[in-house]
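A look at the structure
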Amino acid sequence: MFRSFRFRNYRLWFLGALVSNIGTWMQRTAQSWLVFDELSDHDATAMGVVTALQFLPQLFLAPWAGVLADRLDRRRLLLWTQTAMAVLAAALGALVLADAATLWHVYGFALALGVVSTLDAPVRQTFVSEMVDDAYLSNAVALNATSFNTARMIGPAVAGVLVASIGSGWVFLLNTLTFGAMLAAVHAIRTDELRGMPRSGRGRGQIREGLAYVGSRPDIVAVLVTIFLIGTFGLNFAVFLAAMAGPEFGRGSETFGLLNSVLAVGTVAGALLSARRRSARLRYVYGGSAVFALSCLGAATAPTLLLFALWLIPCGLSSLTIMTTANAYVQSTTSPVMRGRVMSLYTAIFMGGTPIGAPVVGWITDALGARWGMGVAVAAGLGGTLVGFVVWLRLRAERSAAENSG
């Protein structure tokens, strides 16, 4: 399960990312509650707008981010992007502590963070392939997801307590400090132990070349369609959990943070199970979509807070099984020279759909209630399952044709 730890550079990376991710989840939780409870009157639509602005740059900048990831030194790019995100966290924290923050300020910082994150995402994902051998790549990707979701289990619970005790502004400043762990890890990486990856040169049509490559791979296209459905309409948990914790069950920020942590129990389990598998298989993507639909349906109809929380565990497990397997499959089956561009497209589709889905889910939640908002996630899971069924029919037809021709 932890075989990628044999590489020193990857061990440093994992630890630095874990600390940084805890801070990131603390900030996300504090930001969501700041908008929902302090800067608006429990307005789920405002939360959807913040989420949308944070991911909107993915729609426009991701192709160029992928080109940069394929062309430039990824380690240096990471140092720049991580520093920029630390500065943004510090600035927002200072505004909140000065009691000068407004909803429009949060909108602006969410958009700025989205720009930097768009540049950061393909670099972070493809840099892993420089630290481990190809045989370990699927495991390393799954362990990255484990780090991210272990932080998701710890960060929101800590943030819920800290927001209630010292306020959201201090949480943003604490997140600034956690970026130091990531920057220290990247600085400590031994460049002579990194694998030399082929880089693309300068030239016209590199974005078009990446799109053509994906278009020639129907298996990747099917994965991207599933990722779009789940990422756009299924993973709006900031909206779901705030609305269920607040208006539906009448609880405060501590419960909101606790629900995020319960969800993360499932996501950590899903990531660890993915790390145990030797290779990424598509059946886990589409089977996970079916389980995701069922568990979201259970959560949406849960009569008590306890049952709702328990349903979040399979929600988290299935969603991480889908995302980790899809990520590992796309990375491990893509040509190294195209990996940055393909992963930037993957990230754009996964995160770039959020500006569409988050406001829609927020509006449905405001208009019809939190339970109907979660119904959108159920539909997304069913859509992913349908894609898997179509892929299965296609593969079955191809096998049948091959047997008849033989």
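Residues numbered from 1 in each chain as written. Predicted model: local features only at pLDDT ≥ 70, side-chain atom pairs only at ≥ 80, totals over all residues. Heavy atoms only, no water.

Looking at an unreviewed UniProt entry, one finds the protein named MFS transporter, with Kocuria aegyptia as its source organism. Recorded under Subcellular location (unreviewed entry), the UniProt text for the protein is reproduced unchanged: "Cell membrane". (UniProt positions renumbered as here; feature names shortened; annotations may be inferred.)

**Details of the overall build of the protein**
Counting secondary structure elements, the protein contains 16 helices and zero strands. Taken against the 2.2 N^0.38 rule, which gives 22 Å for 406 residues, the C-alpha radius of gyration of the protein at 21 Å falls within 12% of a compact globule. Taken across its 406 residues, the protein has 57% of its residues classed as buried. Partitioning the intrachain contacts of the protein with sequence separation of at least 6 by distance along the chain shows that 88% fall at a separation of at least 24. Element-wise, carbon and sulfur atoms account for 66% of the exposed surface of the protein, whose accessible area totals about 16400 Å². Each charge sign in the protein was given a centre, from 30 positive and 20 negative side chains, and these centres are 11 Å apart. (Helix = DSSP H or I, 4+ residues; strand = E, 2+ residues; numbered from the N terminus. Rg over C-alpha atoms; globule rule 2.2 N^0.38 Å. Buried < 20%, exposed > 50% of the residue type's maximum accessible area, 1.4 Å probe, protein only. Contact = heavy atoms within 4.5 Å. Areas by Shrake-Rupley, 256 points an atom, 1.4 Å probe, with all protein chains shown as cover. Lys, Arg positive; Asp, Glu negative; His and termini not counted. Charge placed at Lys NZ, Arg CZ, Asp CG, Glu CD.)

**Notes on helix H10 (residues 237-248)**
For H10, the buried fraction is high: nine of the twelve residues fall into the buried class. When we look at burial in H10, the residues that qualify are Phe-237, Val-239, Phe-240, Leu-241, Ala-242, Ala-243, Met-244, Ala-245 and Gly-246. Positive phi appears at Gly-250, one or two residues downstream of H10, with a value of about 70 degrees.

**Some remarks on the side chain of Asn-327**
Residue position: Asn-327 is located in helix H13 (residues 305-332). A relative accessible area of 11% places Asn-327 in the buried class. Not counting residues up to four positions away in its chain, the partners in contact with Asn-327 are Gln-125, Val-141, Met-343 and Tyr-346.

**Let's talk about the nonpolar core**
Counting 116 residues, the largest nonpolar core has Tyr-10, Trp-13, Met-131, Val-132 and Phe-308 as the members making the most contacts within it. At 13 residues, helix H1 (residues 8-38) tops the list of elements feeding residues into this core. Filtering out sequence-adjacent residues up to four positions away, Trp-13 remains in contact with Leu-78, Arg-124, Phe-127, Val-128, Met-131, Asn-144, Met-182 and Val-186. (Core = buried A, V, L, I, M, F, W, Y, C linked by side-chain atoms within 4.5 Å.)

**Focus: the packing of aromatic side chains**
For the structure shown, the criterion picks out ten aromatic pairs. When the ring of Tyr-10 is compared with that of Phe-14, the centres are 6.4 Å apart and the planes differ by 45 degrees; the resulting orientation is tilted. Placement of the pair is Tyr-10 and Phe-14 together in helix H1, with a separation of four residues, close to one helical turn. Among the residues examined, Tyr-10 registers a relative accessible area of 0% and is labelled buried. (Phe/Tyr/Trp six-rings, centres within 6.5 Å; stacked < 30°, edge-to-face > 60°.)

**Quick look at unusual backbone geometry**
Its identity is not glycine, yet Asp-99 carries a phi of approximately 60 degrees, on the positive side. Mapping Asp-99 onto the fold places it in the loop between helix H4 (74-97) and helix H5 (103-131). Classification of Asp-99 by relative accessible area gives exposed; the value is 72%.

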